[in-house]
Amino acid sequence: MPESPATPARRPLISGNWKMHLNHFEAIQTVQKLSYLLGPDDGEGVEVSVHPPFTDIRSVQTLIDADDIPIALGAQHCHWEEKGAFTGEVAPAFLAKLNVRYVIVGHSERRELFGETDEMVNKKTAAVQAQGMTPIVCVGETLEEREAGGTEAKVLGQVAAALAGRTPAQVGALVIAYEPIWAIGTGRTATAADAQAVIGAIRAKVAELSGPDAAASVRIQYGGSVKASNIAELMAQPDIDGALVGGASLDPEELARIAQYRSHEGS
Ligand code: PGA
């Protein structure tokens, strides 16, 4: 399938995944700083989301709503059931009630450290969409898999598993994040060309499974050691529609510079 240029229909999404960092006081300060740093134009072309820990979400929601801050609220995880005896878990409906718009699903840390399987990722993707929120479905290969030439098999297999049972319209509304595991938190970013190659293959897989309209509208982020210094080159690739940012998103100045990549494109 031909590479599809980023169209206005695919609004870039820069997402800050705070992981287990920042308590609710720190989260408020960070979002306040971020809102000062993001100019009124920044929210036009590029969407920014923050994904604080669960205990911060209500505080951040109150701030975003009270000050009408153009930052989307996100979560890092949820369960797929509506309710029940699942100690420690959070239902998608609880997040929707807090105006959460994006939920990260199947981050590699959840898959590796907490045993999340492709089947769980599939159920969560459906549960998040059933509540009117947008899943950010994470996929990615280990270094061993890459070195053995197994990147596409792994990543496209994860994509197919996550998408199973979704209608083309539901697939088109998703966000997929390609995060090579060897690039997460390591300072080692995939080259823009490597990231484009895998993300282009993901879009082709979506076209095969769900049709050309879904492939043209699904947003695909890159994640793994994204910083202000490498975002412009990544965003210049035709199939890369944004970034899922971990470490660098904890610093509001750095996250704002990442979101403002259009002002330093080519730099
Ligand atoms: P990183 O994390 O930017 O710190 O590499 C990315 C992620 O895990 O989403």
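You'll find the structure just up there.
Cut-offs and rules
Residues numbered from 1 in each chain as written. Predicted model: local features only at pLDDT ≥ 70, side-chain atom pairs only at ≥ 80, totals over all residues. Heavy atoms only, no water. Helix = DSSP H or I, 4+ residues; strand = E, 2+ residues; numbered from the N terminus. Rg over C-alpha atoms; globule rule 2.2 N^0.38 Å. Buried < 20%, exposed > 50% of the residue type's maximum accessible area, 1.4 Å probe, protein only. Contact = heavy atoms within 4.5 Å. Near = heavy atom within 4 Å. Polar contact = N/O pair within 3.5 Å; in protein donor to acceptor, adjacent residues only side chain to side chain. Nonpolar A, V, L, I, M, F, W, Y, C, P; charged D, E, K, R; others polar. Pairing = 2+ DSSP bridges. Axes fitted to C-alpha atoms, helices over the stretch in contact; angles between N-to-C directions. Phe/Tyr/Trp six-rings, centres within 6.5 Å; stacked < 30°, edge-to-face > 60°. Lys NZ or Arg CZ within 6 Å of the ring centre and 35° of its normal. Left-handed = near helix turned anticlockwise from the far one by under 90°. Expected span 1.5 Å × (residues − 1). Arc of directions from axis to C-beta.

> Sorry if this is basic, but what is going on with the overall build of the protein here?
When you go through the protein residue by residue, the secondary structure sums to 13 helices and eight strands. The C-alpha radius of gyration computed for the protein amounts to 17 Å, which stays within 12% of the reference 18 Å derived for 267 residues, consistent with globular compactness. Within the span of the protein, comprising 267 residues, buried residues form 54% of the whole. Here the contacts in the protein between residues at least 6 apart in sequence split such that 74% fall between residues at least 24 apart.

> Looking at this structure, how should I read the site of the ligand?
In the vicinity of the ligand lie 13 residues, with K19, H107, E179, G185 and S225 positioned nearest. Interatomic distance of 2.6 Å between a backbone N/O atom of G185 and an oxygen atom of the ligand. Interatomic distance of 2.7 Å between a backbone N/O atom of S225 and an oxygen atom of the ligand. When the residues that make up the shell around the ligand are grouped by side-chain class, the tally is four nonpolar, seven polar and two charged.

> Even after reading the chapter, I still don't get the sheet that holds strand 3 (residues 72–75), so can you show me in this structure?
Backbone-to-backbone hydrogen bonds pair the strands of a sheet. The strands run either parallel or antiparallel. With parallel pairing, eight strands are arranged side by side around a closed barrel as 1-2-3-4-5-6-7-8. When strand polarity is set aside, the average angle formed by the axes of neighbouring strands in this sheet is 25 degrees. Strand direction decides the pairing type here: strand 1 (residues 13–17) and strand 2 (residues 47–51), joined by five bridges, are parallel. Opposite S15, over in strand 2, you have S49 as the bridge partner. Helix 3 (residues 54–67) rests against strand 2 and strand 3 of the sheet, and its axis sits at about 170 degrees to strand 3.

> I keep staring at the packing of aromatic side chains and nothing clicks. Help me out?
One pair of aromatic rings is described through two measures. These are the centre distance and the angle between the planes. In this structure the tally under the stated criterion is one aromatic pair. For the cation-ring pair, R110 lies above F114, with the distance from its terminal atom to the ring centre recorded as 4.2 Å.

> I keep staring at the environment of P252 and nothing clicks. Help me out?
Mapped onto the elements, P252 comes out in helix 13 (residues 252–259). The class for P252 is buried, based on a relative accessible area of 10%. Once the C-alpha coordinates of P252 and T30 are considered, the two residues, 222 residues apart in sequence, prove to be 5.9 Å apart. Those residues in contact with P252 that sit more than four places away from it in its chain are T30, K33, L34 and L37.

> Where do I start with the packing of helix 1 (residues 24–37) against helix 3 in this structure?
When two helices pack together, their arrangement is given by the angle between the helix axes and by the axis-to-axis distance. The contact between helix 1 and helix 3 brings their axes to 9 Å, and the two run at 35 degrees. The way helix 1 lies across helix 3 gives a crossing that is right-handed. Every residue of helix 3 that contacts helix 1 at H24, A27, I28, V31 and Q32 is listed here: T55, D56, S59, V60, L63 and I64. Tallied by class, residues from the contact of helix 1 with helix 3 come to six nonpolar, four polar and one charged.

> Explain the pairing of strand 1 here, please?
The two faces of a sheet get side chains in turn, since along a regular strand they alternate between them. Across the five residues of strand 1, five count as buried, placing the element largely inside the fold. Pairing of strand 1 with strand 8 (residues 242–245) involves four bridges; the strand directions are parallel. Note that in strand 8 the partner of G16 across the bridge is V245.

> Mind showing me how you'd approach helix 8 (residues 151–163) here?
Residues lying three or four places apart along an α-helix face the same way, a consequence of the helix completing one turn every 3.6 residues. When the terminal C-alpha atoms of helix 8 are compared, their 18 Å separation across 13 residues agrees well with the 18 Å that a helix rising 1.5 Å per residue should span. Taken together, the buried positions of helix 8 are occupied by T151, V155, L156, Q158, V159, A162 and L163. Buried residues of helix 8, seen end-on, are gathered within an arc of 150 degrees and therefore sit on one face of the element. G165 sits one or two positions beyond helix 8 and adopts a positive phi of about 85 degrees.

> Hey, could you run me through the side chain of D239 in this one?
By the element assignment, D239 lies in the loop between helix 12 (231–235) and strand 8. A distance of 2.8 Å separates the side chain of D239 from the side chain of Q196, its partner in a polar contact.

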